[in-house]
Number of protein chains: 2
Amino acid sequence: MPDSALDLASGVRSRQRRTIARALTAVENALPGAADLVDALYPDTGRAWRIGITGPPGAGKSTLTDRLVSALRARGQTVAVVAVDPSSPFTGGALLGDRVRLADRVEDDGVFVRSLAARGALGGLAEAAEAACDVFDAAGFDVVLLETVGVGQGEIDVADTADTTLVVLVPESGDAVQAMKAGLMEVADVFCVNKADHPEAGAMVRALRQMMHLRAPAAQAVGASGENPTVVKTSALNGENIDGLMGALDAHRSRLESEWDALREERLRRRVRRLVEGLWRETFWSGERRQRLAAAVHEMDSAARAPHALAARVLDIQP
Amino acid sequence: MPDSALDLASGVRSRQRRTIARALTAVENALPGAADLVDALYPDTGRAWRIGITGPPGAGKSTLTDRLVSALRARGQTVAVVAVDPSSPFTGGALLGDRVRLADRVEDDGVFVRSLAARGALGGLAEAAEAACDVFDAAGFDVVLLETVGVGQGEIDVADTADTTLVVLVPESGDAVQAMKAGLMEVADVFCVNKADHPEAGAMVRALRQMMHLRAPAAQAVGASGENPTVVKTSALNGENIDGLMGALDAHRSRLESEWDALREERLRRRVRRLVEGLWRETFWSGERRQRLAAAVHEMDSAARAPHALAARVLDIQP
């Protein structure tokens, strides 16, 4: 990192767009100094409202994100968008068109859109996304929209770092059931059934509500507010019921108010765990240890090879 | 686990279907004794040909898997299918229909189909899938087809545990580019452009071949054979050119012959690394350490909180 972490942090705090961009690049790629930057900014975070937006490819997440940006801007809030891995497979290219549309806002200083495709970051994608949100939070953005495709555990973990998690679905056969199986039911604070004019939209809303009643008490406790997620119908394409969706999101935000500090603590705990694991992995697999493992596997009689026993032995080896 | 690991292992070796099913349940859920079972079976593995089948939802993987099962059976080989996370989100329900079709083979002792939805296994989904393949391998199945949806790094890691990795794509706009971005290009040994009668099929084949020429030498070295993946057009639905696909797979298998032992060693090394990390994670986060982390976060002045510094401190704490 050419700039020192402290210089970057100070530029971020005074909301210099170019410095923000540089800080985002640093955390995305875990450049040297990125950890110091995150630590320096951390005390300035905790003010922004982080909304995770997730769901299957083709559910209309990007269009909806665009609508939410407009709605938030209309009431005077500044908005940052972190689009996680827009190069994610098989989105059908719709994303690109939407990004172009968002880029039209380039004249508006109250909006900042950034895509993120971090794979190498210490602590993985979730840490890179959280650090990007920190940068925007410290820069004083009121709301950060964190958009991710809800396929794969890693992507769902990302959505789960938000204060409010919006799961976007489309009324197609089995989508609600698939969402439940994918673990989206557990992370959702608000469900949005997009493409409300679809003939199956009403049935899907009913199916979601029914499933939520069936949630085990343990799963219910996962929701910050302890309440079941709200289900809202929208049509992002036509801009229908965006107000209703904003209302549901705002209501969730209000319910968080009393537990805001506890939630931040809980999130920091989970994050430190991730970082500890990343740090350990980096230090444990020193060159020497890798070599010893390779040698052990190679020299071992193939009839004596046993993956779990070998793992236990490697973990006991001292550096 | 009601049965001892050794009893299960012996039942698996003598190919008792009910014991195989119990062994699969044990490794899928990391039941007590599962590690011993895997270690006991490991010396009996290494004979089966493991073919990973991956690609985006809707590419026709399941139908293709079904065709490959038929082709392999027709030439007298026994086949096991491990369908990883068929409850994966947003497959559109096609999977279920196909599973039903495969289940029609229930009379055929030379076929065993098992789906796997492991999230809690030590070492994650990739370990659970590898252990399931071990069970079938030790039970003497000639070929194991490992089917996974190619979205998300975790899923791609699963496909990468196979000897031969088949990436299935459909000729739709941008699919080839998306595959490259998703990292599928690096793991593919054979590409199958399914739905060959699509007007864009030819263009897609050309695009894939072009991209492979652009692969960096480093990426090329990843392929076991050092050769670029073969591209084959099929129509799984109509059963077209399944012979051509089998030919490409067989050719890759032959190229592996001379390096079979080295590949197995390399795979065991990667696997032991995963297991070491899982084992460490389990032992490191003892109740006491979790509590200390929570207390540290809670007591810390919020202006003094710093995720990375805290992580470094936690890692130094002795149990």
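Residues numbered from 1 in each chain as written. Chains lettered and ligands numbered in written order. Predicted model: local features only at pLDDT ≥ 70, side-chain atom pairs only at ≥ 80, totals over all residues. Heavy atoms only, no water.

Caption draft 1: Spatial organisation of the overall build of chain A. Regarding its fold elements, chain A presents 15 helices and 7 strands. Per-residue burial over chain A gives 55% buried out of 319 residues. Once local pairs closer than 6 in sequence are excluded, the contacts in chain A between residues at least 24 apart make up 79%. As displayed, chain A offers around 12800 Å² of accessible surface, 52% of which is attributable to carbon and sulfur atoms. (Helix = DSSP H or I, 4+ residues; strand = E, 2+ residues; numbered from the N terminus. Buried < 20%, exposed > 50% of the residue type's maximum accessible area, 1.4 Å probe, protein only. Contact = heavy atoms within 4.5 Å. Areas by Shrake-Rupley, 256 points an atom, 1.4 Å probe, with all protein chains shown as cover.)

Caption draft 2: Spatial organisation of the sheet that holds strand S4 (residues 143-149) of chain B. All names here are of chain B. Taken together, 7 strands build an open sheet; the order of strands is S3-S2-S4-S1-S5-S6-S7 and the sheet is parallel. Since the sheet does not close on itself, it has two edges, and those belong to strand S3 (111-116) and strand S7 (230-233), each with one partner. With direction set aside, neighbouring strand axes in the sheet form an average angle of 20 degrees. For strand S1 (residues 49-55) and strand S5 (residues 164-169), the ladder comprises 4 bridges, and the chain directions are parallel. Bridge assignment links Gly52 to a residue of S5, and that residue is Thr165. The strands touched by helix H12 (residues 242-256) within the sheet are S1, S5, strand S6 (190-193) and S7, with S5 carrying the most contacts at an inclination of about 150 degrees. (Pairing = 2+ DSSP bridges. Axes fitted to C-alpha atoms, helices over the stretch in contact; angles between N-to-C directions.)

Caption draft 3: Main features of the packing of helix H1 (residues 5-13) of chain A against helix H2 (residues 17-28) of chain A. All names here are of chain A. Between H1 and H2, whose axes approach to 8 Å, the crossing angle comes to 130 degrees. By the criterion of interaxial angle, the relationship of H1 to H2 is oblique. Crossing hand, H1 versus H2: left-handed. Seen from H1, the contacting residues are Leu8, Gly11 and Val12; seen from H2, they are Thr19, Ile20, Arg22 and Ala23. (Parallel < 35°, antiparallel > 145°, perpendicular 65-115°, else oblique. Left-handed = near helix turned anticlockwise from the far one by under 90°.)

Caption draft 4: Quick look at helix H3 (residues 34-41) of chain B. A large share of H3(B) lies buried, amounting to 6 of its 8 residues. Within H3(B), the full set of buried residues consists of B:Ala34, B:Leu37, B:Val38, B:Asp39, B:Ala40 and B:Leu41.

Caption draft 5: Spotlight on helix H6 (residues 124-138) of chain A. Residues and elements named next belong to chain A. Between its terminal C-alpha atoms H6 stretches 21 Å, which fits the 21 Å expected from 15 residues at 1.5 Å a residue. Here H6 lies mainly inside the structure; 14 of its 15 residues are buried. Backbone geometry just after H6 places Gly140 at a positive phi near 90 degrees. (Expected span 1.5 Å × (residues − 1).)

Caption draft 6: Structural detail: the sheet that holds strand S5 (residues 164-169) of chain A. Residue and element names in this part refer to chain A. In spatial order, the strands read S3-S2-S4-S1-S5-S6-S7; together these 7 strands make up an open sheet with parallel pairing. Each edge of the open sheet carries a strand with a single partner, namely strand S3 (111-116) and strand S7 (230-233). Adjacent strand axes in the sheet meet at a mean angle of 20 degrees when their direction is disregarded. When strand S6 (residues 190-193) meets S7, the two strands line up parallel, connected through 4 bridges. Opposite Val190, over in S7, you have Thr230 as the bridge partner. Its contacts with the sheet place helix H12 (residues 242-256) against strand S1 (49-55), S5, S6 and S7, and it is angled at close to 150 degrees to S5.

Caption draft 7: Summary view of the side chain of B:Thr234. Residue and element names in this part refer to chain B. Within the secondary structure, Thr234 is located in the loop between S7 and H12. Owing to a relative accessible area of 1%, Thr234 belongs among the buried residues under this scheme. At 3.2 Å, the side chain of Thr234 forms a polar contact with the side chain of Asn194. With residues up to four places along the chain from it excluded, the contact list for Thr234 reads Leu64, Cys192, Val193, Asn194, Lys195, Ala196, Glu240, Asn241 and Leu245. (Polar contact = N/O pair within 3.5 Å; in protein donor to acceptor, adjacent residues only side chain to side chain.)

Caption draft 8: Fine view of the side chain of B:Thr165. All names here are of chain B. Its place among the elements puts Thr165 in strand S5. Thr165 gets classed as buried once you look at its relative accessible area, which sits at 1%. Each residue touching Thr165, except ones within four places of it in the same chain, is listed here: Gly52, Thr54, Ala159, Val187, Ala188, Asp189 and Val190.

Caption draft 9: Region of interest: the pattern of salt bridges. The final tally for this structure, using the stated rule, is 39 salt bridges over all chains. Its salt-bridge partner being A:Arg73, residue A:Asp108 comes within 2.9 Å of it at the nearest N-O pair. One end of the pair, A:Asp108, is in the loop between helix H5 (94-103) and S3; the other, A:Arg73, is in helix H4 (residues 61-74), with 35 residues separating them in the sequence. Judged by relative accessible area, which is 25%, A:Arg73 ranks as partly exposed. B:Arg274 is the partner of B:Glu127 in a salt bridge, and the nearest nitrogen-oxygen pair spans 3.6 Å. Here B:Glu127 is found in helix H6 (residues 124-138), whereas its partner B:Arg274 is found in helix H13 (residues 260-284), with 147 residues between them in sequence. (Salt bridge = Lys/Arg side-chain N within 4 Å of Asp/Glu carboxyl O.)

Caption draft 10: Main features of unusual backbone geometry. All names here are of chain B. Even without being a glycine, Arg15 presents a positive backbone phi close to 60 degrees. Assignment of secondary structure puts Arg15 in the loop between helix H1 (5-13) and helix H2 (17-28). Look at Arg15 and you get partly exposed, because its relative accessible area is 34%. Despite not being glycine, Asn241 shows a phi value in the positive range, around 60 degrees.

Caption draft 11: Here's a closer look at the packing of helix H13 (residues 260-284) of chain A against H13(B). Packing of H13(A) against H13(B) brings their axes to within 11 Å, and their N-to-C directions diverge by 130 degrees. As judged from the angle between their axes, H13(A) and H13(B) are oblique. Between H13(A) and H13(B) lies a crossing of right-handed hand. Across the interface between the two elements, A:Val276, A:Glu277, A:Trp280, A:Arg281 and A:Phe284 from H13(A) touch B:Val276, B:Glu277, B:Trp280, B:Arg281 and B:Phe284 from H13(B).

Function cannot be inferred from these measures alone, as they are strictly geometric.
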